[in-house]
Amino acid sequence: MRKKIVAGNWKMNLDYQTGVSLFSEIVNMVKDEVIGQQEVVVCSPAVHLYSLGQLAHSATNVSIGAQNIYQAESGAFTGEISASQVKSVGADYVILGHSERRAYFGETDEVLAEKTNVALKHQLTPIFCIGETKEERESGQFFDVIKSQLEKGLFHLSESDFTKIVLAYEPVWAIGTGLTASPEQAQEVHAFIRETLANQYNQALADSTSILYGGSCNPTNAPDLFSQPDIDGGLIGGASLKSRDFTDIVKVFNS
Ligand code: PEP
């Protein structure tokens, strides 16, 4: 049984006080909603993490994550945050390879492979994002793009390390745009990702890897998306900033 995950990505939003109160609301609202193998994750800005970690202690199945780490262990990297620092405040997850980091901060597949290694070394679960741009979709290259992101970012991992990865398929054209991949478009890519994992590793690993969908997911479109056989939850940007919307997405697995 694959783990079902709904993960929020707050991006660079919410001051400290607002973030802590939103997280408290989420913890209270989802506490009776999270079932079985389901997990809720909130990936906040780094300044919130310690306090959210304290609040998360009292919550069942609500975890916290960072939105980035640096690839080195420690040292003279002014302004960066390490995997061990993130882990030490109670985070269990880290988003890696988000398209905003790839596009605005020049993160390459090679850097992302290094970040993945350091995350795993410090027992952080990467939520590893892959996805094509609008041009790549329109020119029909999207399967090649996704396969290449997997190969260069992740396929150096041993089978046992790969089992610690969560994937997020996030078509860049759907992120923050209000455009959503249709359930059929998303399912087609998720099935392709799973087939690519089966070819590289084996069917059991492919079947047990959680693959989330991300891109303008909201309480209205989540039920159709999450009912697709290869979609195991969502990475949620805008809708994770409202406790009601985020909780309603979490509840989709209960309805
Ligand atoms: C994201 O940032 O990962 C994301 C999916 O954003 P949004 O839900 O706002 O499209």
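Please refer to the structure higher up on the page.
Residues numbered from 1 in each chain as written. Predicted model: local features only at pLDDT ≥ 70, side-chain atom pairs only at ≥ 80, totals over all residues. Heavy atoms only, no water.

**Student:** Describe the nonpolar core, and please don't skip the residues or the numbers.
**Tutor:** Soluble, globular proteins show a tendency: their nonpolar side chains are buried together. In this structure, Phe 162, Leu 167, Ile 193 and Phe 226 are the most contacted members of the largest nonpolar core, which totals 67 residues. Setting aside residues no more than four positions away along its own chain, Phe 162 makes contact with Leu 154, Phe 155, Leu 157, Leu 167, Leu 197, Tyr 201, Leu 205 and Thr 209. Among the nonpolar cores identified, the runner-up in size contains 12 residues, and Ile 5, Val 41, Tyr 93 and Cys 129 belong to it. (Core = buried A, V, L, I, M, F, W, Y, C linked by side-chain atoms within 4.5 Å. Buried < 20%, exposed > 50% of the residue type's maximum accessible area, 1.4 Å probe, protein only. Contact = heavy atoms within 4.5 Å.)

**Student:** Tell me about helix H5 (residues 109–121), and name the residues and values.
**Tutor:** Taking 1.5 Å of rise per residue, the 13 residues of H5 would be expected to cover 18 Å, and the 18 Å separating its terminal C-alpha atoms lies within 8% of that figure. The set of residues buried in H5 consists of Asp 109, Leu 112, Ala 113, Lys 115, Thr 116, Val 118, Ala 119 and Leu 120. Buried residues along H5 sit in contact with helix H3 (83–88), strand E4 (93–96), helix H4 (99–104), strand E5 (125–130), helix H7 (142–153) and helix H8 (159–162). (Helix = DSSP H or I, 4+ residues; strand = E, 2+ residues; numbered from the N terminus. Expected span 1.5 Å × (residues − 1).)

**Student:** Tell me what's going on with the sheet that holds strand E1 (residues 4–9), and back it up with residues and numbers.
**Tutor:** One closed barrel holds the eight strands; their spatial order is E1-E2-E3-E4-E5-E6-E7-E8, and the pairing between them is parallel. Each neighbouring strand pair of the sheet contributes to a mean axis angle of 25 degrees, computed without reference to strand direction. As paired elements, strand E7 (residues 211–214) and strand E8 (residues 233–236) share two bridges and run parallel to each other. In the strand pairing of E8, Tyr 213 is matched with Gly 234. (Pairing = 2+ DSSP bridges. Axes fitted to C-alpha atoms, helices over the stretch in contact; angles between N-to-C directions.)

**Student:** Lay out the site of the ligand with the relevant residues and their values.
**Tutor:** Close to the ligand lie 14 residues, the nearest being Lys 11, Glu 170, Gly 176, Ser 216 and Gly 238. Between the ligand and Glu 170, the relevant distance is 2.7 Å, taken from an oxygen atom to a side-chain nitrogen or oxygen of the residue. One of the backbone N or O atoms of Ser 216 is found 2.7 Å from an oxygen atom in the ligand. Protein coverage of the free-state accessible area of the ligand, which is 290 Å², stands at 96%. Counted by class, the shell around the ligand contains four nonpolar, eight polar and two charged residues. (Near = heavy atom within 4 Å. Polar contact = N/O pair within 3.5 Å; in protein donor to acceptor, adjacent residues only side chain to side chain. Areas by Shrake-Rupley, 256 points an atom, 1.4 Å probe, with all protein chains shown as cover. Nonpolar A, V, L, I, M, F, W, Y, C, P; charged D, E, K, R; others polar.)

**Student:** Run through the packing of aromatic side chains, naming residues and quoting values.
**Tutor:** Aromatic ring pairs are reported here in terms of the distance separating the ring centres and the angle at which the planes meet. For the coordinates displayed, the defined rule picks out eight aromatic pairs. Centroid distance Tyr 70 to Phe 77: 4.7 Å. Interplanar angle 40 degrees. Geometry classified as tilted. Judged by its relative accessible area of 36%, Phe 77 falls in the partly exposed class. Ring centres 5.0 Å apart and planes at 40 degrees place the aromatic pair Phe 162 and Tyr 201 in the tilted group. Within this pair, whereas Phe 162 is found in helix H8, its partner Tyr 201 is found in the loop between helix H9 (183–200) and helix H10 (203–208), the two being separated by 39 residues in sequence. Comparing Phe 162 with Tyr 201, the two get one shared label, buried. Ring pairing ties together the aromatic residues Phe 142, Phe 143 and Phe 192, which thus form one cluster. Directly above the aromatic system of Phe 105 lies the positively charged group of Arg 101, at a separation of 4.1 Å from the ring centroid. Its end group placed over the ring of Phe 142, Arg 137 keeps NZ or CZ at 3.8 Å from the ring centre. (Phe/Tyr/Trp six-rings, centres within 6.5 Å; stacked < 30°, edge-to-face > 60°. Lys NZ or Arg CZ within 6 Å of the ring centre and 35° of its normal.)

**Student:** Describe in detail the side chain of Ser 243, supporting the description with residues and values.
**Tutor:** Looking at the secondary structure, you find Ser 243 in helix H12 (residues 243–251). Within polar-contact distance, the side chain of Ser 243 engages the side chain of Glu 25 at 2.6 Å. Those residues in contact with Ser 243 that lie beyond four places of it in its chain are Leu 22, Glu 25, Ile 26 and Met 29.

By themselves these figures say nothing about function.
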